[in-house]
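Survey of secondary and tertiary structure
The primary structure of each chain is shown beneath.
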Protein chains: 2
Amino acid sequence: MPRWEQGSEERLRTAALELFEERGFDDTSVVEIADRAGVTTRTFFRYFPDKREVLFAESDRHRAALVQQILDTPDVTQPLRVITSTLAGFDWTGPGMDLLRRRHAVIAASPGLLERDLIKRDDIAVAFADALQRRGVEADAARLAARVGIQVFLTVYAQWVESDGHADPAALTDAAMTLLASLVPATRATG
Amino acid sequence: MPRWEQGSEERLRTAALELFEERGFDDTSVVEIADRAGVTTRTFFRYFPDKREVLFAESDRHRAALVQQILDTPDVTQPLRVITSTLAGFDWTGPGMDLLRRRHAVIAASPGLLERDLIKRDDIAVAFADALQRRGVEADAARLAARVGIQVFLTVYAQWVESDGHADPAALTDAAMTLLASLVPATRATG
C-alpha cells in the first residue's frame, strides 16, 4: 500500500460521518466521501463494499470477538445473562465516545443506515444463538436468549451513549434485566 | 380502474411468489412479475413501490389493526403479555396457509427480503411501544415490552407456520413465555 494511503480507512470513516451529518446519508455520494478523505473512489471500495458499510466496518470483527467470548464463558446455565453480560462487558469505545455518539445519531436519522444496522443485529443474533447451541444450550432457548439479550442490550447501549460513556454498562444492564423480569408474568418456570 | 385489471394486485402477489421460488428474489425482475400476472409494469407500480414490497403489502394494514387492538385492550398492567397476546390472537391466515408458508420460506431464503422483513418488524416495534405509552405504560417498559414481545412472537409464528396452522398460537405463546421466564434470572422484581 503506498505511503499516502496510510490511515485511509480511518479518514474515510471520519469523512463519511461528517458528510452524513452535514447532508444526510441519501445526499452523500461515495465520490464525495473519497474526495473529502483525499483518496480515490477505488481506494474507498478497497476498504468498503458500499456507502453504508463505512459506518459498520468494525461490526464483523466485533461479532467474531463476542462469539469467542460466549464460547469461552465458563458457565452458560443462564444463557440470557451470558448474552447481556458479554455485550455489556465488551469494549465499544474503540473509536472514542464522540464518534460513537455521532454514529449512533446518524444511524437513527437515516432509514438506509438503520436498515443495515438491523441486518447486523440479526447476524449477531444468529451467531450468538449458534454459539450458545455449541455450548450445549437447547436450540429454542439459545435463539430466544440471543434475540432477547440483544433487545435488552439495545436499551443499555442507547442509555450508555446518551450518558457519554459515563454510566456503568453493567449497572445499566442490571436495571434493564430487572425491568425485563418485571414484565415477565409471574407464572415463571423454575428453570 | 379498467375491468381487466380487477384482481391485479392478487395476481401480482402470486406471480411474484412463484418467480421468487423458481428463480430467487435477486434474479426476478418487476417486468417478469408483471408479465406473469398479465399486467403492465405501470400497473405493478400502481400497487407496489418496489419488488420487495409485493410480499409485504399487508404489513401496514396489519400494523394499524394490531395497534388499534393494543389501544383497545382493557388491561395493560402486563404490557409484554398484551403484545404477545395481541400478536398470537391476530388472524394471519388471510391469504391462506399455503401462501403464508411459501412466503415465510422465500423471505428466509433471500437477504434482500429478510432485510425488508427486519424493517417491518422494527416499524411494528416502534408503533407498539408508542401505543403502550399512549396507554400509560412508562417509556422504557413500553419499548422493552414491544421489542421482546415481537421476539417471542417470531418463535411462535415460525412454529405455527411450520405446523401448517394446526398448532394453537395461544398455546405456543404460553410455551414461549414460559421459556422466556426460565431465562430471566431469579432476581426478578415483583412488578
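Predicted model only: the values in this text are computed from it and were never measured.

Criteria and cut-off values
Residues numbered from 1 in each chain as written. Chains lettered and ligands numbered in written order. Predicted model: local features only at pLDDT ≥ 70, side-chain atom pairs only at ≥ 80, totals over all residues. Helix = DSSP H or I, 4+ residues; strand = E, 2+ residues; numbered from the N terminus. Buried ≥ 20, exposed ≤ 12 C-beta atoms within 10 Å, placed from the backbone. Contact = placed C-beta atoms within 7 Å. Nonpolar A, V, L, I, M, F, W, Y, C, P; charged D, E, K, R; others polar. Axes fitted to C-alpha atoms, helices over the stretch in contact; angles between N-to-C directions. Parallel < 35°, antiparallel > 145°, perpendicular 65-115°, else oblique. Left-handed = near helix turned anticlockwise from the far one by under 90°. Least-squares fit on C-alpha atoms with pLDDT ≥ 70 in both. Domains from an automatic or database assignment. Expected span 1.5 Å × (residues − 1). pLDDT = per-residue confidence, 0-100.

**Side note on the overall build of chain A**
Along chain A, the regular secondary structure elements total nine helices and zero strands. In chain A, which comprises 191 residues, the proportion classed as buried is 34%.

**Points about the interface of chain A and chain B**
Tallying the contact residues gives 30 residues for chain A and 30 residues for chain B. When contributions to the side of chain A that touches chain B are tallied by element, the ones reaching two or more residues are α5 (79-89), α7 (111-134), α8 (139-162) and α9 (169-183) of chain A. For the side of chain A that touches chain B, the element with the most residues is α8 of chain A, which contributes nine residues. Of the residues assigned to the side of chain A that touches chain B, the class counts are 16 nonpolar, seven polar and seven charged.

**Looking at the packing of α9 of chain A against helix α8 (residues 139-162) of chain B**
When two helices pack together, their arrangement is captured by the angle between the axes and the distance separating the axes. Their axes nearest at 10 Å, the elements α9 of chain A and α8 of chain B cross at an angle of 70°. Considering their axes alone, α9 of chain A and α8 of chain B lie roughly perpendicular with respect to each other. Pair α9 of chain A / α8 of chain B crosses with right-handed handedness. Along its contact with α9 of chain A, which presents Leu 179, Leu 180 and Leu 183 of chain A, the element α8 of chain B presents Asp 140, Ala 141, Leu 144, Ala 145 and Val 148 of chain B. For the contact of α9 of chain A with α8 of chain B, the class distribution of residues is seven nonpolar, no polar and one charged.

**Some remarks on the relation of the copies chain A and chain B**
Superposition of the two copies of the chain requires a rotation about an axis and a shift along the axis. You can overlay chain A on chain B at an RMSD of 0.0 Å; the transform is a turn of 180° with a shift of 0.0 Å along its axis. What the rotation and shift describe, once combined, is the action of a two-fold rotation axis. Closest approach to the rotation axis within chain A is made by the C-alpha atom of Val 148 of chain A, at a distance of 2.9 Å. In this assembly, 100% of the residues forming the interface of chain A have copies in chain B that are likewise at the interface, indicating an isologous arrangement.

**Thoughts on the domain arrangement of chain A**
Residues and elements named next belong to chain A. By the assigned domains, chain A splits into domain 1 (3-54) and domain 2 (58-183). Once you take the C-alpha centre of each, domain 1 and domain 2 turn out to be 27 Å apart. Domain 1 puts seven residues into the contact, and the matching count from domain 2 is eight residues. Residues of the side of domain 1 that touches domain 2, tallied by class, amount to three nonpolar, one polar and three charged.

**A word on helix α7 (residues 111-134) of chain B**
All names here are of chain B. The end-to-end C-alpha distance of α7, which contains 24 residues, comes to 35 Å, matching closely the 34 Å that a straight helix rising 1.5 Å per residue would cover. Burial in α7 covers these residues: Leu 113, Arg 116, Asp 117, Ile 124, Ala 125, Phe 128, Ala 129, Ala 131 and Leu 132. Where α7 is buried, its residues meet α4 (59-72), α5 (79-89), α6 (97-109) and α8. Looking one or two residues beyond α7, the residue adopting positive phi is Gly 136, at roughly 100°.

**Describing the confidence of the model for chain A**
Low pLDDT means the predicted coordinates in that region are not meant to be read closely. Residue and element names in this part refer to chain A. Looking at chain A as a whole, its pLDDT mean stands at 90, while 94% of the residues score no less than 70. The least confident element of chain A, judged by mean pLDDT, is helix α6 (residues 97-109) at 90; the most confident is helix α2 (residues 30-37) at 96. Confidence estimates for the predicted assembly give a pTM of 0.85 and an ipTM of 0.83.

**Overview of the packing of α5 of chain A against α8 of chain A**
Residues and elements named next belong to chain A. Packing of α5 against α8 brings their axes to within 8 Å, and their N-to-C directions diverge by 35°. Seen from above, α5 lies across α8 with right-handed handedness. Along the contact surface, α5 presents Pro 79, Leu 80, Ile 83, Thr 84, Leu 87 and Ala 88, while α8 presents Ala 141, Ala 142, Ala 145, Ala 146, Val 148, Gly 149, Val 152, Phe 153 and Val 156.

**A few points about the environment of Thr 28 of chain B**
Residue and element names in this part refer to chain B. Mapping Thr 28 onto the fold places it in the loop between α1 (8-23) and α2 (30-37). Taking the C-alpha atoms as reference points, Thr 28 and Lys 51, 23 residues apart in sequence, are found 8.7 Å from one another. In contact with Thr 28, other than residues within four places in its own chain, are Leu 19, Phe 20, Arg 23 and Ile 33.

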